[in-house]
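One letter stands for each residue in the lines below.
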Number of protein chains: 2
Amino acid sequence: MKVGLIGFGVVGQGFAALISQKAADLSHRYGLEVQIAAVATRSRGSLYMPDGLNPESLLTAIKSGSLDTYPDQAGLRRGLSPLALASEGNFDVLIEVSPSNLKDGQPAISVIEAALHAGKHVVLANKGALVYGYESLSKTAVAAGKRLLFEASVMAGTPSLRLGMQSLAGCAISEARGIVNGTTNFILTQMGDGLSYADALAEAQRLGYAETDPTADVEGWDAAAKAVILGAALFGRQFAFDQMQVKGISQLTAQDIASAAAAGERWKLIARVTPEAAAVEPMRLPITHPLANVSGATNAITYTTDLMGDITLVGAGAGAVQTGFGLLSDLMEIHRETGI
Amino acid sequence: MKVGLIGFGVVGQGFAALISQKAADLSHRYGLEVQIAAVATRSRGSLYMPDGLNPESLLTAIKSGSLDTYPDQAGLRRGLSPLALASEGNFDVLIEVSPSNLKDGQPAISVIEAALHAGKHVVLANKGALVYGYESLSKTAVAAGKRLLFEASVMAGTPSLRLGMQSLAGCAISEARGIVNGTTNFILTQMGDGLSYADALAEAQRLGYAETDPTADVEGWDAAAKAVILGAALFGRQFAFDQMQVKGISQLTAQDIASAAAAGERWKLIARVTPEAAAVEPMRLPITHPLANVSGATNAITYTTDLMGDITLVGAGAGAVQTGFGLLSDLMEIHRETGI
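Residues numbered from 1 in each chain as written. Chains lettered and ligands numbered in written order. Predicted model: local features only at pLDDT ≥ 70, side-chain atom pairs only at ≥ 80, totals over all residues. Heavy atoms only, no water.

Visitor: Describe the overall build of chain A, and please don't skip the residues or the numbers.
Guide: Scanning chain A for helices and strands turns up 13 helices and 13 strands. Its C-alpha radius of gyration of 20 Å places chain A within 12% of the 20 Å reference for a compact globule of 340 residues. Its C-alpha atoms put chain A at 70 × 45 × 40 Å along the principal axes. The buried share of chain A, taken over its 340 residues, is 58%. As presented, chain A carries roughly 13100 Å² of accessible surface, and 50% of it is formed by carbon and sulfur atoms. Charge centroids of chain A, computed over 25 positive and 32 negative side chains, lie 2 Å from each other. (Helix = DSSP H or I, 4+ residues; strand = E, 2+ residues; numbered from the N terminus. Rg over C-alpha atoms; globule rule 2.2 N^0.38 Å. Buried < 20%, exposed > 50% of the residue type's maximum accessible area, 1.4 Å probe, protein only. Areas by Shrake-Rupley, 256 points an atom, 1.4 Å probe, with all protein chains shown as cover. Lys, Arg positive; Asp, Glu negative; His and termini not counted. Charge placed at Lys NZ, Arg CZ, Asp CG, Glu CD.)

Encoded structure:
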């Protein structure tokens, strides 16, 4: 299976390392052999080698600052744009892991569209592309007879979408609700241990859980994007991101946390999706609630179903290797279905 | 897809009701049409109708006490044994839901063996057949090119095996541990609320969670059977049931529960499986542990993996509809793979 990577940041590098580390196991146990035929970044170079690039050399090159330092070899082409690779590259699956753009989903949407039109399957972790492009992209994928898979976009590699879309097929899901942003859950957990919001945020930044500008996390936008993706995956709906009811945690005070604790409750930032609506807001949950006990950067989703009642999945929601595994699990599904 | 049911107790009836209720949805959304061609019980009659039996009439008949009251019709045959149906019945999938025999797994093992030899796929909820027969039955299934699926045998329809075997494929699982017996978890939860063991057991019996003879549940044997099944599913091992280290909850006192609570801990009956060993015993878990907060008759399993760390699935562990869904989800997998 030949793949082309658009984007080579933390997630793309995690994927390359994973493929390299698991190569023998994937080949032996599942008959899957993944070759990276292309890697394109916005500002750190682009490589295309139809016979396959060397994952370790890719990692060495990007760590030096640019893919331009990848060793020359016969047949290697440099500098092709993501769009050119999506259209003309000779590989089976385009993997879109460029930085998520929550304003309009571009340029990822155009690149994915081009790849599907060119007969490639697409696997992505890019939330923005799905938030704004799911409906049209999924139609293009169906028309092209290709797969559009995005397990890694919600709860990283924890198989939350696969659970809702496949393992529970036959059940009707009426609602999904969950803790889908690890940064805010880490901050709320720290505040539960007595820290102020500012101190908890600083600690999250120190540990790399929160970015220097934490807005997308703490104001609920990352969770809202995941709610839109869940709505698409579970209900085939494309909720309007800019019309969603979204409230983050930045207004919660130590006093709010203490009041909840005194009442036997905990604050959690909950994304909630039904066939009718999607929303994000902090909620007080009784400590006996399954989601109330999900602590630190861990994520969890509860599906309410007709036949099975509530089913909850708890696991990692971020991380290079964890998100890389989400991409790999989509490749394995394509492998099972198509034999590539 | 034509199926033959061996056993028609609570689970078999739950399955028949589910198939009837979901018929239009399964056909419309997944292209799956399930026909019950045969039902065989040990002492309440046996019916075989290659063109399909009527699920509602089956339920009416069994509720009257015997399948002998099912209406006569042209082509209907009565009184065939489970073994005869497994060998000679004209259907695609044998569904084994007869009472589980934890002494030696018979007669289910022989019936399943015959069905596989006769070219049928097999779906089962019967724990005894797997505890004693997994290794030989899975070899027979591979040789026959047929599927042997048993999602319903652990956590009913909550997709615990599908999570470990499929959704996490690509990860290496090093350990599974969980609360896989709802009866004991209900009793322990009640004891946590102040009841004595005897009162909690009586309450469980009153609500139908515990049988009149509760030995298999409270002494840990049901959980041990599920541990063996997890070992088979995850690690391809057939642990010797009669040599397992198994301890139940009948020796736990109100004092034990109170001591744990005072230390911020809770007792849970934990089944634990690694590639090397399987065991069941009550354990004190800190209340921050994901499994410590699984209460009542709910079940949960945590898989420890190389790439994703710990992943926990929480859901129903019993019930007619819930177990019926486990069987249905296996049929859907066969449908996806074979197009039947």
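Visitor: An account of the interface of chain B and chain A is needed here, citing residue identities and associated values.
Guide: Taken together, the contacts link 36 residues of chain B with 37 residues of chain A. For the pair chain B and chain A, the summed buried surface comes to about 2700 Å²; carbon and sulfur atoms form 62% of the total. When the buried area of chain B at its contact with chain A is split by residue, L307(B), M308(B) and F325(B) rank highest and sum to 23% of it. Remark: the boundary between chain B and chain A carries two salt bridges. D306(A) is the salt-bridge partner of K22(B), the closest N and O atoms lying 2.6 Å from each other. Here chain B and chain A share nine residue pairs in polar contact (both at pLDDT 80 or more) between them. Mapped onto the side of chain B that touches chain A, the elements with two or more residues apiece are α1 (10–21), α2 (23–30), α7 (160–167), β13 (309–315) and α13 (320–338) of chain B. (Contact = heavy atoms within 4.5 Å. Buried area = accessible area lost by both parts, 1.4 Å probe. Salt bridge = Lys/Arg side-chain N within 4 Å of Asp/Glu carboxyl O. Polar contact = N/O pair within 3.5 Å; in protein donor to acceptor, adjacent residues only side chain to side chain.)

Visitor: Residue-level account of the environment of D310(B), with values.
Guide: Residues and elements named next belong to chain B. Take D310: it is sitting in strand β13. On the basis of relative accessible area, D310 is assigned to the partly exposed category, the value being 38%. Sequence separation of D310 and N101 is 209 residues, and the distance between their C-alpha atoms is 33 Å. A distance of 3.1 Å separates a polar atom in the side chain of D310 from a polar atom in the side chain of R177.

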